[in-house]
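# Overview (structure and organization)
Here is what each chain is made of, one letter per residue.
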Amino acid sequence: MFFKGDKEELAIDAERVPKHIAIIMDGNGRWAKKRGLSRKMGHKAGADTLEKISRCAQDLGVKHLTVYAFSTENWKRSEEEVSAIMDLLRKYLDEHIKKCKKDNFRVNMIGDPSRLDRDIQEKINTLTSLTKDNTGLYLHIALNYGGRDEIERMVRKVAAMAAAGDMAAEDIDDKIISENLDTAGIPDPELLIRTSGELRISNFLLWQLAYTEFVFSDKLWPDYNENDLKEAVYNYQNRDRRFGGRK
Ligand code: IPE
Ligand code: IPE
Ligand code: MG
């Protein structure tokens, strides 16, 4: 089965759609600036794009979508911008709580929730439990997420288990590490997309991206559309993934 995009040659093989796509949704601020709008309006437009792209990913048959919404470094921004983002997040969570059965997503959060306001933590918990029996896309939202912070927290957990005698230091392996990260139980992403022309990972999924294929787009996140996602999947399907081996 093939999906045809706008371009005739864009034939996606439905059998080889990545199970897990990760996205660094970047460029909201520049999008707003170009239009003489506030950065908040850029983030608002970015939230609308996330709606479109998550539905499109689900329709393509992607199982897991992990989106970078707020990093551990984003606290460095002005108080005004951080609180605008947090208010948009509240709105996003409330809307999804209302329509939780309709779009069928299973929402999950990765990152350290402890620095988020209490009411936001509660909304996340509500949405997670309301959607846990849905059957569609697993939507993992990275909030106060940093790859190094996640690894730090994992090492502390694993070291505590070893210190308590629950396992020996020699038993620590790839599996134990993966099982103690925020992404426990989630397969590694096959495809990472970053928008806005920046060519870096900015502390996203450092462990999980070991063999992920990267696709960069010059488009600013609010301009990113369904066809861009299909193009990224098409691009991914034409990569030669060797995992260090030889054909
Ligand atoms: C991404 O857009 C959203 C967050 C980091 C919260 P930016 O706000 O980083 O947009 P630019 O990079 O300044 O254009
Ligand atoms: C990465 O974007 C974080 C998110 C998209 C949430 P940034 O805009 O924060 O990254 P840098 O500062 O350009 O590396
Ligand atoms: Mg940015």
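Here the structure is shown first, and the text comes after it.
Cut-offs applied
Residues numbered from 1 in each chain as written. Chains lettered and ligands numbered in written order. Predicted model: local features only at pLDDT ≥ 70, side-chain atom pairs only at ≥ 80, totals over all residues. Heavy atoms only, no water. Near = heavy atom within 4 Å. Polar contact = N/O pair within 3.5 Å; in protein donor to acceptor, adjacent residues only side chain to side chain. Areas by Shrake-Rupley, 256 points an atom, 1.4 Å probe, with all protein chains shown as cover. Helix = DSSP H or I, 4+ residues; strand = E, 2+ residues; numbered from the N terminus. Nonpolar A, V, L, I, M, F, W, Y, C, P; charged D, E, K, R; others polar. Contact = heavy atoms within 4.5 Å. Phe/Tyr/Trp six-rings, centres within 6.5 Å; stacked < 30°, edge-to-face > 60°. Buried < 20%, exposed > 50% of the residue type's maximum accessible area, 1.4 Å probe, protein only. Lys NZ or Arg CZ within 6 Å of the ring centre and 35° of its normal.

## Description of the site of ligand 2
- Taken together, the neighbourhood of ligand 2 is formed by Ile24, Met25, Asp26, Tyr68, Ala69, Phe70, Asn74, Arg77, Arg194, Arg200 and Ser202.
- Arginine 200 places a polar side-chain atom, nitrogen or oxygen, 2.8 Å from an oxygen atom of ligand 2.
- In isolation ligand 2 exposes 390 Å². Once the protein is present, 78% of that is buried.
- Counting residues per element, the shell around ligand 2 draws most heavily on strand β4 (residues 64-71), which supplies three residues.
- Class assignment of the residues belonging to the shell around ligand 2 gives a composition of five nonpolar, two polar and four charged.

## Concerning the side chain of asparagine 28
- Of note, asparagine 28 is situated in helix α1 (residues 28-34).
- Looking at asparagine 28, its side chain comes within polar contact range of the side chain of histidine 43, at 3.1 Å.
- If we ignore the near neighbours within four places in the chain, the residues touching asparagine 28 are Gly42, His43, Gly46, Trp221 and Pro222.

## A word on the packing of aromatic side chains
- One pass over the full model with this rule turns up seven aromatic pairs.
- Between tyrosine 68 and phenylalanine 204, the ring centres sit 4.2 Å apart and the planes meet at 10 degrees, which makes this aromatic pair stacked. Here tyrosine 68, found in strand β4, pairs with phenylalanine 204, found in the loop between β7 (191-194) and β8 (213-216); they are 136 residues apart in sequence, far enough to count as distant.
- Its relative accessible area of 7% is what places tyrosine 68 among the buried residues.
- Overall, the relative accessible area of 0% leaves phenylalanine 204 in the buried class.
- When the centroid spacing of 4.9 Å and the interplanar angle of 75 degrees are considered together, the rings of phenylalanine 70 and tryptophan 75 count as edge-to-face.
- On the basis of relative accessibility, which here comes to 2%, the residue phenylalanine 70 falls in the buried class.
- Site record: aromatic cluster; members linked through ring pairs are Tyr68, Tyr145 and Phe204.
- The ring of tyrosine 138 has arginine 106 lying over it, and the distance from NZ or CZ to the ring centre is 3.9 Å.

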